[in-house]
Amino acid sequence: MNIRLLAKRNIQGNAQRYLAYFFSIVLSVSIFFIYASFIFHPDVVHANIPGGQLISKGLIAAEIVIIIFSVFFIAYSNAAFIQPRKKEFGLLTLLGMSKSQLRKLIYLEQTMVSLISILIGVGLGFLFSKLFLMAVSWLLAVEQPISFVIVPEAFVYTIVGFILLFQLLSLLSLFHIGNAEVVDLLKGKQKPKKTPFVSKWLVALSAVCLSISYYLAGTMSLNNSYRVLPIVFFVLIGTYFLFSQSIVALCSRLYRKKKSLYGGTNLITQTNLIFNIKDYSRLFFLTSIITAVILTAAGTLFMFSADLKKQGMDNIPQSIGWVENDASVYSVIEPSAVEKTLKEDGFKILYEVNMTGVPITHMLPHMRTGESNENRSLLISESDYNNAAALRKIEPAKLSGKEALYIFPYGGLDYQFVRKGEQKELHFGNRTIQVTMIGQRNQSIVAPIKAATTLMVVDDQLYHEITADVPLKEMARVRGYEVKDWEESMETSSEIEQMSSNPDHNQLQTRAPIYQEMKQGSILILFIGLFVSLLFFIVQGSMMYLRVFTNLEDKKIQIHALHRLGLTKKEIRQILSAEICILFFAPFLIGVIHAIVAYVALSNLLGSNLFVYSAMVIATYFLFQLLYYQVTKKMYERAVINSIK
């Protein structure tokens, strides 16, 4: 027997414990290799693929996330593997193994597992990289699919990078075990556990931090998006003390309720929980944060993609819209040419917009500084506004006398530039009109470009008084066409853009190209994020799996003693199932609550009700979590119950 053979047999003997860790590392390496194969693909490097450089930047960011996450996971796993084997290491030391030999044994075990994981991960990544390139080609809608080639840089960066990562973390993990005394190794797990201490102040701190973070998230909008960092800070502090203090306090309170404590197997389950909850608190904290990150990131990507059409219709009111600076002529494009092109391509016009207005200036506060600045708007009549609003199913305006309504086109921004009852001066040439503001609406009814970016609506009589002697050439005209099945009008929109006299692309706006570009980008981001979220989920589940099997030997001893005292196998299964259920679903519940608050903030930012989308994301994640729980429970029950003689 030599150290190399002993390391090999130790790996074989602990195969069940290594399984989830091995699978997680293989998945991490595979995804990293696939992304690297695209980043260093010759067609991407030489910019032969439209949009390839943009995806490459997203993948580089994903690679960094994978590496950072792998560092924490590997470090956690190495500690989890060493902790339950301290008695084994103590016996080996007692039998004559030196500290250097013990370090070498641990180092060889971790190196063997890491090399096998890296090789299998690279192999799987190489096999599936072709499918990844095909999927990206389809998403980018390129004429020629991205060719499958062997990318040497992907092999080098993946293999060398992960080997260095494993070696560094393995060496760091050796110091703790190598400096421990034999007595500590032999008695490390035999030390009796004390009843966990609870601080009322820390429980209160947890509640305060979470309340602050939830309030900040629930009231967040585009103009105060800087709240993200404070929210993250308070969530981390609050969640940590929630599990290390608040949950411990709750378990202690339940433990004092003797009536329920003595029912069925509750005594054993609750006793195990209260004395292990302190050990579980760090794991609960990490997995709940990971769960919240996965749900928030995946939910954000999914919601944004699913809500993209509504966002397109809200921000770009008509399928085709443009502004003529001179209302007396059509210099950008002739409406008849637009109508003819749409008709020839088989698109039905649902409605059209045709209104004129007077470009004016007025003072508005700056969003950040609050200082008054001169701004331009298009002055239009109440009738024109209400006609366009009716077509878009927007509530009409009600004005009288010298009242005015300010229209800001971006619904996601709830900043109020004007106040109700505020007196405002509108300037047109040498003329100044004094009006009373009835408020502000953040919604668009016509193409928000050039002079019509923002609108100032006044009563019909006042509008006619102001514009009675204004020639058409000094007015602006806004035209727009809403088209049925506008999502399919990419080619038609491009044809209309080419026909227009709009060299700077700032007077004519078509919805379909912008929507398709945003849709393509969001799908690509969703595609990339899906892999990273899957990796996070597997790693989070693996941490749970490792924690369960870390105490396997102690659990076998406990269950064997309980069985001899009369507990049936059915009752033993109930105990094991309850313990694993708490381990898997307590942090999941907190992570879901965090994610729901994040979804509320996202709904406020987008100005949409995202309840259905968020429910779908959470339900999907729950099903995967339930599957992982069932698999782990079956394997754990089998390992424990089969040991009963």
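The rules behind the values
- Residues numbered from 1 in each chain as written.
- Predicted model: local features only at pLDDT ≥ 70, side-chain atom pairs only at ≥ 80, totals over all residues.
- Heavy atoms only, no water.
- Helix = DSSP H or I, 4+ residues; strand = E, 2+ residues; numbered from the N terminus.
- Contact = heavy atoms within 4.5 Å.
- Patch = residues over 30% accessible without salt bridge, like charges linked within 9 Å, V, L, I, M, F, W, Y side chains within 5 Å.
- Areas by Shrake-Rupley, 256 points an atom, 1.4 Å probe, with all protein chains shown as cover.
- Salt bridge = Lys/Arg side-chain N within 4 Å of Asp/Glu carboxyl O.
- Lys, Arg positive; Asp, Glu negative; His and termini not counted.
- Charge placed at Lys NZ, Arg CZ, Asp CG, Glu CD.
- Buried < 20%, exposed > 50% of the residue type's maximum accessible area, 1.4 Å probe, protein only.
- Phe/Tyr/Trp six-rings, centres within 6.5 Å; stacked < 30°, edge-to-face > 60°.
- Lys NZ or Arg CZ within 6 Å of the ring centre and 35° of its normal.
- Core = buried A, V, L, I, M, F, W, Y, C linked by side-chain atoms within 4.5 Å.
- Pairing = 2+ DSSP bridges.
- Axes fitted to C-alpha atoms, helices over the stretch in contact; angles between N-to-C directions.
- Parallel < 35°, antiparallel > 145°, perpendicular 65-115°, else oblique.
- Left-handed = near helix turned anticlockwise from the far one by under 90°.
- Nonpolar A, V, L, I, M, F, W, Y, C, P; charged D, E, K, R; others polar.
- pLDDT = per-residue confidence, 0-100.
- 1 Å grid on protein atoms, 1.4 Å probe; cavity = no way out; pocket = protein on both sides within 12 Å on 5 of 7 lines; lining within 4 Å.
- Points joined across faces, edges and corners; volume = space filled by probe spheres on them.
- Arc of directions from axis to C-beta.

A word on the overall build of the protein
Okay, so step 1: If you tally the helices and strands in the protein, you get 21 helices and nine strands.
Okay, so step 2: Residue pairs in contact within the protein that sit at least 24 positions apart in sequence constitute 82% of those at least 6 positions apart.

So, a negative patch on the surface
Okay, so step 1: Residues Glu344, Asp345, Glu491 and Glu495 make up a contiguous surface patch of negative charge.
Okay, so step 2: Among the structural elements, Glu491 can be located in helix α17 (residues 490-499).
Okay, so step 3: Given a relative accessible area of 70%, Glu491 falls into the exposed group.

Thoughts on the packing of aromatic side chains
Okay, so step 1: Taken as a whole, this structure holds 26 aromatic pairs when the rule is applied.
Okay, so step 2: Centre to centre, the rings of Trp322 and Tyr481 are 6.2 Å apart; their planes meet at 25°, and the pair counts as stacked. Highlighted residues: Trp322 in strand β1 (residues 320-324) and Tyr481 in strand β8 (residues 476-483), separated in sequence by 159 residues. Here the two residues Trp322 and Tyr481 agree in accessibility, since each one is buried.
Okay, so step 3: With 5.0 Å between their ring centres and 40° between their planes, Phe408 and Phe417 make a pair best called tilted. With respect to burial, Phe408 and Phe417 carry one shared label: buried.
Okay, so step 4: Among the aromatic side chains, those forming a connected cluster through ring pairs are Phe537, Phe584, Phe585, Phe588, Tyr621, Phe622, Phe624, Tyr628 and Tyr629.
Okay, so step 5: Above the plane of the ring of Trp486 lies Arg511, whose end atom (NZ or CZ) is 4.7 Å from the centre.

A closer look at the nonpolar core
Okay, so step 1: Of all hydrophobic cores here, the largest spans 108 residues; its most connected members are Tyr21, Tyr35 and Phe38.
Okay, so step 2: Excluding residues that lie within four positions of it along the chain, Tyr21 makes contacts with Phe73, Ile74, Ser77, Asn78, Phe81, Val113, Phe166 and Leu546.

A few points about the pairing of β8
Okay, so step 1: Burial runs high along β8: eight of the eight residues are buried.
Okay, so step 2: Where burial is concerned, the two faces of β8 agree: the one with Ala476, Val478, Gly480 and Glu482 and the one with Arg477, Arg479, Tyr481 and Val483 are both buried.
Okay, so step 3: Both β1 and β8 contribute to a ladder of five bridges, which runs antiparallel. Bridging across to β8, Val323 finds its partner in Val478.

Let's talk about the pattern of salt bridges
Okay, so step 1: Counted by the stated rule, this structure contains four salt bridges.
Okay, so step 2: A salt bridge links Glu422 to Lys424; the shortest N-O distance between them is 3.4 Å. Exposure class is identical for Glu422 and Lys424. Each is buried.
Okay, so step 3: Between Glu482 and Arg511 there is a salt bridge whose closest N-O contact spans 3.0 Å. Placement of Glu482 in strand β8 and of Arg511 in helix α18 (residues 511-550) is noted, with a sequence separation of 29 residues between them.

Description of the packing of helix α14 (residues 335-344) against α17
Okay, so step 1: Relative orientation of the contacting elements α14 and α17 amounts to 155°, with a least axis distance of 10 Å. Taken as axis vectors, α14 and α17 run roughly antiparallel relative to one another. With respect to the hand of their crossing, α14 and α17 are arranged in right-handed fashion. Mapping the contact onto sequence places Ala337, Val338, Thr341 and Leu342 in α14 and Thr492, Glu495, Ile496 and Met499 in α17.
Okay, so step 2: Its residues placed into classes, the contact of α14 with α17 shows five nonpolar, two polar and one charged.

Observations concerning unusual backbone geometry
The bulk of non-glycine residues show a negative phi, and the bulk of peptide bonds are trans.
Okay, so step 1: Positive phi outside glycine occurs at Lys393, with the angle close to 60°.
Okay, so step 2: With respect to the helices and strands, Lys393 occurs in the loop between α15 (382-391) and β4 (403-408).
Okay, so step 3: Phi at Asp485 takes a positive value of approximately 55°, unusual for a residue other than glycine.
Okay, so step 4: Here Asp485 lies in the loop between β8 and α17.

Looking at the confidence of the model for the protein
It should be kept in mind that the predicted coordinates are not to be read in detail where pLDDT is low.
Okay, so step 1: Mean pLDDT over the protein stands at 81; residues scoring 70 or higher make up 89%.
Okay, so step 2: By mean pLDDT, the top-scoring element of the protein is strand β7 (residues 455-458) (93), and the lowest-scoring one is helix α8 (residues 182-187) (55).

So, the environment of Phe536
Okay, so step 1: With respect to the helices and strands, the residue Phe536 is situated in helix α18.
Okay, so step 2: Of the residues examined, Phe536 reaches a relative accessible area of 10% and is grouped as buried.
Okay, so step 3: Phe536 sits 466 residues away from Ser70 along the chain, and the two C-alpha atoms are 9.7 Å apart.

Points about the side chain of Ser288
Okay, so step 1: Here Ser288 shows up in helix α12 (residues 266-306).
Okay, so step 2: For Ser288, the residues in contact, after removing those within four places along its chain, are Thr239, Phe243, Pro587, Ile590 and Gly591.

Quick word on empty space enclosed by the protein
Okay, so step 1: One pass over the full model with this rule turns up three cavities of 30 Å³ or more.
Okay, so step 2: By volume, the largest cavity is sized at about 60 Å³.
Okay, so step 3: Lining of the largest cavity is provided by Phe33, Ser37, His41, Phe126, Ser129, Leu133, Phe148, Val149, Ile150, Val151 and Phe155.
Okay, so step 4: Residue contributions to the lining of the largest cavity peak at three residues, all from helix α6 (residues 99-140).
Okay, so step 5: Here the lining of the largest cavity is composed, by residue class, of eight nonpolar, three polar and no charged.

Examining the layout of surface pockets
Empty pockets left among the atoms are what a rolling probe the size of a water molecule brings to light.
Okay, so step 1: Taken as a whole, the second largest pocket holds about 580 Å³ of empty space.
Okay, so step 2: For the second largest pocket, the lining is made up of 21 residues, of which Val228, Ile231, Val232, Thr296 and Ala598 are closest to its centre.
Okay, so step 3: Contributions of two or more residues to the lining of the second largest pocket are made by α9 (200-218), α10 (228-255), α12 and α20 (569-606).
Okay, so step 4: Taken together, the residues that form the lining of the second largest pocket break down as 17 nonpolar, four polar and no charged.

Focus on a nonpolar patch on the surface
Okay, so step 1: A contiguous nonpolar surface patch, about 660 Å² in accessible area, is contributed by Ile116, Ile120, Leu124, Leu127, Phe128, Leu131 and Met134.
Okay, so step 2: If you trace the backbone, Leu127 turns up in helix α6.
Okay, so step 3: On the accessibility criterion, Leu127 (60% relative accessible area) is exposed.

Focus: the pairing of strand β5 (residues 423-428)
Okay, so step 1: With burial as the criterion, only one face of β5 is covered, namely that bearing Lys424, Leu426 and Phe428; the residues Gln423, Glu425 and His427 on the opposite face remain uncovered.
Okay, so step 2: In this structure, β5 lies alongside strand β6 (residues 431-442), joined through six bridges in antiparallel fashion. Pairing of Lys424 across the sheet is with Val435, part of β6.
Okay, so step 3: A loop of two residues connects β5 with β6, the two strands running antiparallel in sequence, and Gly429 in this loop sits at a positive phi of about 60°.

With respect to helix α16 (residues 460-467)
Okay, so step 1: Residues Leu462, Tyr463, Ile466 and Thr467 constitute the buried set of α16. An end-on view of α16 places all buried positions within 120° of arc, on one side of the element. Looking at α16, the residues exposed on the side facing more than 90 degrees away from the buried face are Gln461 and His464.
Okay, so step 2: Buried-residue contacts for α16 involve β2 (349-365), β3 (372-381), β6 and β7.

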